[in-house]
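Spelled out from the first residue to the last, the chains are:
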Amino acid sequence: MSEFIVPTKQPDDKGQVISITPESAGWQYVGFEVFSLNEGQSLKKVTGDKETCIVLLSGRASVNSKLEKWENIGKRMDIFEKIPPYSVYIPSGDFYEVLALTDLQLAVCSAPGKGSFPARLISPEDVGVELRGSGNMERSIHNILPEQAEADSLLVVEVFTPEGHWSSYPPHKHDQNNLPEESYLEETYYHKVNPEHGFAIQRVYTDDLSLDETLTVKNGDAVLVPKGYHPVSAPPGYEVYYLNVMAGPVRTWAFKNDPNHEWLMSRMRAYGSQVK
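Keep in mind that what you see is a predicted model, and the values were worked out from it rather than measured.

Draft legend 1. Spotlight on the state of the cysteines. Under the criterion given, the structure shown has zero disulfides. In this structure Cys 53 is not part of a disulfide, and its nearest cysteine sulfur, from Cys 109, lies 5.2 Å away. The class of Cys 53 is buried, set by a relative accessible area of 0%.

Draft legend 2. The pattern of salt bridges, seen in detail. Scanning the model with the defined rule gives nine salt bridges in all. Put simply, Arg 132 and Glu 130 hold a salt bridge, and the shortest N to O gap is 3.2 Å. Judged by relative accessible area, which is 31%, Glu 130 ranks as partly exposed. Look at the salt bridges and you will find they share partners, linking Lys 173, Asp 175 and Glu 182 into a network.

Draft legend 3. Expanded view of the sheet that holds strand 21 (residues 212-218). Ordered in space as 15-23-20-21, the four strands form an open sheet in which the pairing is antiparallel. Looking along the sheet, the strands with just one partner apiece sit at the ends: strand 15 (166-167) and strand 21. Summarising the sheet, strand 20 (residues 199-205) and strand 23 (residues 232-233) pair through two bridges and their orientation is antiparallel. Each residue of the ladder has a partner; that of Ile 201, found in strand 23, is Ser 233.

Reading the values: rules and limits
Residues numbered from 1 in each chain as written. Predicted model: local features only at pLDDT ≥ 70, side-chain atom pairs only at ≥ 80, totals over all residues. Heavy atoms only, no water. Disulfide = S-S within 2.5 Å. Buried < 20%, exposed > 50% of the residue type's maximum accessible area, 1.4 Å probe, protein only. Salt bridge = Lys/Arg side-chain N within 4 Å of Asp/Glu carboxyl O. Pairing = 2+ DSSP bridges. Helix = DSSP H or I, 4+ residues; strand = E, 2+ residues; numbered from the N terminus.

Next comes the structure, spelled out in structure tokens:
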């Protein structure tokens, strides 16, 4: 298996099924975990020097921090209902406790924090919903924690790619701290596939092809993107979901398209779309 794939494991005693830290990924900023909790199970963690965005992938929960409490949140019982999720932002220097009111799957996204903003609920109404692309490059976007929202480091977005479509396409990258043309952002992709016995394809490659890997991604796998272009393909018969977490030294998303495929942007611009 590729070193860029982090597969789902069986839940441990805390319900953790995915764990990515800056140390395990070999980078500086992004941390990512997924927990699968049974009804009545709880999870409590301190944030330390990290800010955190808790995304309720499916199920309902109550969540509290030092100063806030949100009772019975969550509406989406299956990711592929395709409605925006409930999420909770928790700053550094805080803690969170999650109580599963139903069977619950949640993602915990983290990056360096400065304690600049208070804990808050991100409701489905707060999530920007859009279609990007055209033809078989069209996909649905849920902007959970976009650049315009308050956070120190984190950018969080989820994407639904219909069967037979491509996303994060045309291929683009953000691995150079060269603003305003390009920002340095580490990134994780957490994939779900419907039906779940299917797969997705993701390629990660650099201009000089010193890195060039084509990955077969299964339901529940996470993919590390430390650098390079990183398009995703959903095979016919299977729709693909992914949750993106990005962070870097500057909280802005400025990307460079692969020059070989830049011409496809003319199709995107005709529909007023960006890429992700």
